[in-house]
Amino acid sequence: YWKSHNLTTLSDRFIDTLVGFAERLPSPLCEIPVLTLGGQVGALPADSAAYPHRDAAYVVNVHGRWEGPDQDEEVVRWARDLWSATEADAASGIYINFMTADEAGRVPSAAYGPAWKRLTQVKAKWDPDNFFRMNQNIPPAV
């Protein structure tokens, strides 16, 4: 189970929060990678592709991993709590591949922003029957 945020800066508060949660990992398989963006990600205009969040300088992923079903609730709660505790530092967008199934309601605005309308039109042209829907779905425009 994972959660993710885009960030434009890494504040002291954010770093302190990550350290606090890292000190109490619920499983040795959990991790909190902070990835840097930039380069070509930031060099392209926001409307040049499906991913419009070109101002993001960092991505933090909260990876909840565990071995047995007895840890399900604890690890998922830890991941959700960390995500919530860092939400104030997050930018508005998110990379679609880092979203979980329980975030389907965030897909249009958080993942695609202004590209959403264009993507539904492309989907209507190339996949009008919505065959490719077993993902964070973009339904065809009607």
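(A) How the structure looks around the pattern of salt bridges. Per the stated rule, a full pass over the model turns up seven salt bridges. The partner of R77 in a salt bridge is E73, with the nearest N and O atoms 3.4 Å apart. On the criterion of helical spacing, the pair formed by R77 and E73 is a turn pair, its members being four residues apart in helix α3 (residues 72-86). Residues joined in a network through salt bridges with shared partners are K3, E103 and R106.

(B) Layout of unusual backbone geometry. The phi dihedral of N130 falls on the positive side, at around 60°, and the residue is not glycine. With respect to the helices and strands, N130 occurs in the segment after α5 (116-126). The buried category is assigned to N130, whose relative accessible area is 13%.

(C) Main features of the side chain of D89. Tracing the sequence through the fold places D89 in the loop between α3 and α4 (107-112). A polar contact of 2.8 Å, which involves the side chain of D89, links it to the side chain of R13. Once you skip the residues sitting within four places of it in the chain, D89 turns out to touch L7, S11, R13 and F14.

(D) Representation of α5 in the model. Of the residues making up α5, those classed as buried are L119, T120 and K123. Looking down the long axis of α5, one finds its buried residues gathered within 100° of arc, a one-sided arrangement. What points out from α5, more than 90 degrees from its buried face, is the exposed set K117 and K125. Against α4 lie the buried residues of α5.

Cut-offs used in this document
Residues numbered from 1 in each chain as written. Predicted model: local features only at pLDDT ≥ 70, side-chain atom pairs only at ≥ 80, totals over all residues. Heavy atoms only, no water. Salt bridge = Lys/Arg side-chain N within 4 Å of Asp/Glu carboxyl O. Helix = DSSP H or I, 4+ residues; strand = E, 2+ residues; numbered from the N terminus. Buried < 20%, exposed > 50% of the residue type's maximum accessible area, 1.4 Å probe, protein only. Polar contact = N/O pair within 3.5 Å; in protein donor to acceptor, adjacent residues only side chain to side chain. Contact = heavy atoms within 4.5 Å. Arc of directions from axis to C-beta.

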